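So you can see what is in the structure, the chains are spelled out below.
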Amino acid sequence: MSAYAVQEINTKQRLAAGERIVGRKIGLTSPAVQAQLGVNEPDYGMLFDSDDVSDDKVISTASLMQPKVEAEIAFVLARPISNPDATIEEVGAAVGYAVAAAEIVDSAIADWRIKLADTVADNASGAKFVLGKDRKKLSEIDLHLGGMEMRLRGRQVSVGVAAACLGNPLNAALWLARKMIEVGRPLDAGDIVLSGALGPMVNVSAGDEFDVHVQGFKPLHLLFG
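Residues numbered from 1 in each chain as written. Predicted model: local features only at pLDDT ≥ 70, side-chain atom pairs only at ≥ 80, totals over all residues. Heavy atoms only, no water.

1. Here's the deal with the overall build of the chain
Check the secondary structure of the chain and you find 5 helices and 11 strands. The C-alpha atoms of the chain give 16 Å as radius of gyration, which agrees with the globular expectation for 225 residues (17 Å, within 12%). In terms of principal-axis extent, the alpha carbons of the chain reach across some 45 × 40 × 35 Å. Relative to its full complement of 225 residues, the chain shows a buried share of 50%. Long-range pairs, those at least 24 residues apart, make up 75% of the contacts in the chain between residues at least 6 apart in sequence. Split by element, the accessible area of the chain, about 10300 Å² in all, is 51% carbon and sulfur. (Helix = DSSP H or I, 4+ residues; strand = E, 2+ residues; numbered from the N terminus. Rg over C-alpha atoms; globule rule 2.2 N^0.38 Å. Buried < 20%, exposed > 50% of the residue type's maximum accessible area, 1.4 Å probe, protein only. Contact = heavy atoms within 4.5 Å. Areas by Shrake-Rupley, 256 points an atom, 1.4 Å probe, with all protein chains shown as cover.)

2. Things to note about the layout of surface pockets
Its volume calculated, the largest pocket comes out at about 550 Å³. Lining of the largest pocket is provided by 25 residues; of these, Leu28, Val33, Glu70, Ile114 and Met201 occupy positions nearest its centre. Elements represented by at least two residues in the lining of the largest pocket include exactly strand E1 (21-27), helix H2 (31-37), strand E3 (68-77) and strand E8 (192-197). Among the residues forming the lining of the largest pocket, the class breakdown is 13 nonpolar, 8 polar and 4 charged. Taken as a whole, the second largest pocket holds about 280 Å³ of empty space. Considering the residues around the second largest pocket, the lining is formed by 18 residues, among which Arg14, Asp122, Asn123, Gly126 and Ala127 are closest to the centre. (1 Å grid on protein atoms, 1.4 Å probe; cavity = no way out; pocket = protein on both sides within 12 Å on 5 of 7 lines; lining within 4 Å. Points joined across faces, edges and corners; volume = space filled by probe spheres on them. Nonpolar A, V, L, I, M, F, W, Y, C, P; charged D, E, K, R; others polar.)

3. Description of the side chain of Glu103
Inspection of the secondary structure puts Glu103 in strand E4 (residues 95-105). A distance of 2.7 Å separates polar atoms of two side chains, one belonging to Glu103 and the other to Lys25. (Polar contact = N/O pair within 3.5 Å; in protein donor to acceptor, adjacent residues only side chain to side chain.)

4. Comments concerning the sheet that holds strand E11 (residues 220-223)
Pairing is antiparallel across the open sheet formed by 4 strands, whose spatial order is E7-E6-E10-E11. In the strand order of this sheet, the two ends are held by strand E7 (155-161) and E11, each with one partner. Averaged over all neighbouring strand pairs, the angle between strand axes comes to 15°, with direction disregarded. Pairing of strand E6 (residues 147-152) with E7 involves 6 bridges; the strand directions are antiparallel. Following the sheet pairing, Gly147 is matched in E7 by Val161. (Pairing = 2+ DSSP bridges. Axes fitted to C-alpha atoms, helices over the stretch in contact; angles between N-to-C directions.)

Below, the structure written as structure tokens:
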């Protein structure tokens, strides 16, 4: 797809400017969204060190256009994945730990009326991300029925379950691991994998405060300015 060629050009430009790739993000993990865009697999984008706002007390919206936030489970790899026919067991064994995460996505397309090529070319609509500090082994969390709730100033605005992410977030990570080998950017030890949204994304404005609850993890608190 030519949109991935555009993404790769932009990735090389960011690397040349001194940014580092610290992981990957997976998008379109909801079967309903895939059907809406006429695709039968997820898409992917790069995670750069400059996009990590995990330690920011206030997440700036100044450089964003029409941001939205979604809740996810992130995996951090303890070992590389180099087998093009990797199994879900191999992917699980490569995960060092999991954390609750929030991804801030964005788009230059008016009213988010995006098509597949738009989001792929735009780094899968990735903008910023937040990783929780509460690290869990895979055996300590429910990757099937584990629930998610996101609240905006105490009001529930998104709810979901781990199974909403391709049936299990590890299924998304498996797809990514194989795809990254195919395109020549295999996952390495230390890489972060944002596995995909557990529920609907929510519009963000300066001044918003969100609490993200992913079952098995301590809540994340996000303040936007």
